[in-house]
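# Per-entry structural report
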Amino acid sequence: MERRGPSQSALDWYEQSRGYEKRAHEIRFFHPLVVPGFFQTADYARVIVTHTVPTASEKRIQKVIRTRASWRADLDTDEGLMLNVIVTELALTRPVTSEVMREQLDRLIQEAEKPTITLQVLPSGISDLAWLSGAFRLVYIEGEQPLLCAEHAVGEYLTDEEQETRKLETVFSNLQAWALPPDVSARKLEEMRQAL
């Protein structure tokens, strides 16, 4: 696989990874700081964009919101795509208004009820520091090498290099081991929602 070079635009890397995800039968996703983009509500996405890109125009903010909504729609296929998602408790307790966070938690609770989604909450204060590896996705397509999508400040690094992919598979397994089981995670989300 050709890796993303620094000359590609943000649209290029996004469209490339999105193309792979449309063909996937499983995606494993971890982000240490925010709710995954494909699960973000419009208001939550707006808060994230306005804080990470303070100069963003309203047009750009609206584009990000639409893109994240369409990303989720792309993953909602009839092909039985499995989503395994780990959300950190840290991401769920960021300083976002109660109103925005209530809606976001409602969305996560709804997603967690779907049979093709495994959503786990990684508690704060665990002794394993695997979560410091940063945001990444592992994309599995039938008959192909797993694809690693590692996010960074200005884009994403894509590779199917076996050693790098295996390294992040190990990280994901460690995170799953430390995360709350899905049923306990669902209760945790409900408790956090009720506390707001």
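The structure under discussion appears in the preceding block.
Described below are features of the structure shown in this document. Given the structure is predicted, the values throughout are model-derived calculations rather than measurements.

To continue, consider the side chain of glutamate 21. Relative to the helices and strands, glutamate 21 resides in helix α1 (residues 10–22). Take glutamate 21: its relative accessible area is 3%, and that puts it in the buried class. Of the polar contacts made by the side chain of glutamate 21, one reaches the side chain of arginine 137; its length is 2.5 Å. In this structure, glutamate 21 is in contact with Ile27, Trp71, Leu75, Arg137 and Val139, ignoring residues within four places of it in sequence.

Turning our eyes to something else, we now look at the side chain of serine 185. Looking at the secondary structure, you find serine 185 in helix α7 (residues 182–195). At a separation of 3.0 Å, a polar atom in the side chain of serine 185 contacts the main-chain carbonyl oxygen of leucine 180. In this view, serine 185 contacts Leu119, Gln120, Val121 and Leu180; residues no more than four positions away in its chain are not counted.

Following the sequence through the fold, glycine 19 ends up in helix α1. Using a relative accessible area of 32% as the deciding quantity, one classes glycine 19 as partly exposed. The spatial distance from the C-alpha of glycine 19 to the C-alpha of aspartate 74 is 9.7 Å, given a sequence separation of 55 residues.

Here the focus is the sheet that holds strand β5 (residues 147–152). By way of backbone hydrogen bonds, the strands of a sheet pair with one another, either parallel or antiparallel. Spatial ordering of the open sheet is given by β3-β2-β1-β4-β5-β6, a layout of six strands whose pairing is mixed. Only two strands of the sheet have a single neighbouring strand rather than two, namely β3 (117–122) and β6 (155–159). Between one strand axis and the next, the sheet turns through 15° on average, direction left out of account. Pairing between β5 and β6: five bridges, direction antiparallel. Bridge pairing links cysteine 149 to leucine 158 in β6.

The subject of this paragraph is a positive patch on the surface. Taken together, Lys59, Arg60, Lys63 and Arg66 make up a surface patch of like positive charges. The residue lysine 59 is located in helix α3 (residues 58–75) in this model.

Along the chain, aspartate 160 turns up in the loop between β6 and α6 (162–178). According to the relative accessible area criterion, aspartate 160 is partly exposed, its value standing at 25%. When the C-alpha positions of aspartate 160 and glutamine 145 are compared, they lie 6.0 Å apart, and in sequence the two are 15 residues distant.

What follows concerns the nonpolar core. Judged by nonpolar contacts, the single largest core of 35 residues is most densely connected at Phe39, Leu83 and Leu92. In terms of residue count, the dominant contributor to this core is helix α5 (residues 98–112) (five residues). Aside from chain neighbours lying at most four places away, what touches leucine 92 is Val35, Val87, Met101, Leu105, Leu108, Val121, Leu189 and Met192. Counting 14 residues, the second-largest nonpolar core is a separate cluster that includes Ala130, Leu138, Leu175 and Ala179.

Reading guide: rules and limits
Residues numbered from 1 in each chain as written. Predicted model: local features only at pLDDT ≥ 70, side-chain atom pairs only at ≥ 80, totals over all residues. Heavy atoms only, no water. Helix = DSSP H or I, 4+ residues; strand = E, 2+ residues; numbered from the N terminus. Buried < 20%, exposed > 50% of the residue type's maximum accessible area, 1.4 Å probe, protein only. Polar contact = N/O pair within 3.5 Å; in protein donor to acceptor, adjacent residues only side chain to side chain. Contact = heavy atoms within 4.5 Å. Pairing = 2+ DSSP bridges. Axes fitted to C-alpha atoms, helices over the stretch in contact; angles between N-to-C directions. Patch = residues over 30% accessible without salt bridge, like charges linked within 9 Å, V, L, I, M, F, W, Y side chains within 5 Å. Areas by Shrake-Rupley, 256 points an atom, 1.4 Å probe, with all protein chains shown as cover. Salt bridge = Lys/Arg side-chain N within 4 Å of Asp/Glu carboxyl O. Lys, Arg positive; Asp, Glu negative; His and termini not counted. Charge placed at Lys NZ, Arg CZ, Asp CG, Glu CD. Core = buried A, V, L, I, M, F, W, Y, C linked by side-chain atoms within 4.5 Å.

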